[in-house]
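# Chain and residue survey
Chain residues, written in single-letter form:
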Amino acid sequence: MADDVTAVVVDDHPVVRAGVAHWLSTAEPPITLVANGEDPEVAWTGPGADAGVVVLDLHLGASTPALPALRRLVEDGRNVVVYSMRADDETALQCMEIGALSYLTKSEGADHLVQAVRAAAAGQSYTPPALAGALAGDRSETRPALSPRETEVLVEWFQSESKEFVAQRLNITLSTVNSHLERIRVKYAAIGRQAPTKAALVARAVQDGLIGLDDL
């Protein structure tokens, strides 16, 4: 993974932001925290808009989780690590369904957070202990909740020779294409339907009616 990883932290507790900043800056190699704040807008304005990873708390001074902010970030192609006090499986799986690349509880410590941020910077998922438990306990057999953009990227990839061509066709970066495909795989994994290869994703998409055989 690239060493020049950058992050923005969204959390309504200054002590948490300070702690995460210390963990990232003292990692080896260091991760650069370019911005932090209690409002999700910090991830869309100023230096935070260009951060490679968004570390997002779910409770930002409100009684309901910040799922709309998570959804907006994912739809914008951002790499998100959810870092929350909530340890229930339902919340973790919901965040993964929306498109977070990892879900960590605040009890899981510096090592797991640093690894999750590094993985997210490369558009990859990371499974800490709490999320591993949630995925192991999930026995849903429903379709994953793919966003319209994820479905578009998936279908284009099935019909294209390369991810680079998909990026050109949709006027997005190759990194964004990879991020969308990784999130799709994570969503399938979260419901117990692994799809680690392109062929497996084709099979899942046909099963779920996302594409027909005539589309291939």
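The notes below deal with the structure included here. (Residues numbered from 1 in each chain as written. Predicted model: local features only at pLDDT ≥ 70, side-chain atom pairs only at ≥ 80, totals over all residues. Heavy atoms only, no water.)

Another point: the nonpolar core. Grouped together as the largest cluster of nonpolar side chains are 27 residues, with contacts concentrated most on Val54, Leu56, Leu70, Val82, Cys95 and Tyr103. Those elements that provide at least two residues to this core are β1 (6-10), β3 (53-56), α2 (67-75), β4 (80-84) and α3 (89-98). Setting aside residues no more than four positions away along its own chain, cysteine 95 makes contact with Leu58, Leu67, Leu70, Val82, Ala100 and Tyr103. (Core = buried A, V, L, I, M, F, W, Y, C linked by side-chain atoms within 4.5 Å. Buried < 20%, exposed > 50% of the residue type's maximum accessible area, 1.4 Å probe, protein only. Helix = DSSP H or I, 4+ residues; strand = E, 2+ residues; numbered from the N terminus. Contact = heavy atoms within 4.5 Å.)

Moving on to the packing of helix α7 (residues 163-170) against helix α8 (residues 174-190). For the pair α7 and α8, interaxial distance at closest approach is 8 Å and the crossing angle is 105 degrees. Our classification of the angle between α7 and α8 gives roughly perpendicular. In this structure, α7 contributes Lys163, Glu164, Val166 and Ala167 to the contact, and α8 contributes Leu174, Val177, Asn178 and Leu181. (Axes fitted to C-alpha atoms, helices over the stretch in contact; angles between N-to-C directions. Parallel < 35°, antiparallel > 145°, perpendicular 65-115°, else oblique.)

Here the focus is helix α1 (residues 14-25). The end-to-end C-alpha distance of α1, which contains 12 residues, comes to 16 Å, matching closely the 16 Å that a straight helix rising 1.5 Å per residue would cover. Of the residues making up α1, those classed as buried are Val16, Arg17, Val20 and Leu24. Relative to the axis of α1, the buried residues are bounded by an arc of 100 degrees and lie together on one face. What points out from α1, more than 90 degrees from its buried face, is the exposed set Pro14 and Val15. (Expected span 1.5 Å × (residues − 1). Arc of directions from axis to C-beta.)

Relative to the assigned elements, alanine 119 resides in helix α4 (residues 109-121). With 18 residues separating them in the primary sequence, alanine 119 and leucine 101 have C-alpha atoms 8.4 Å apart.

That's the geometry; what it means functionally is another story.
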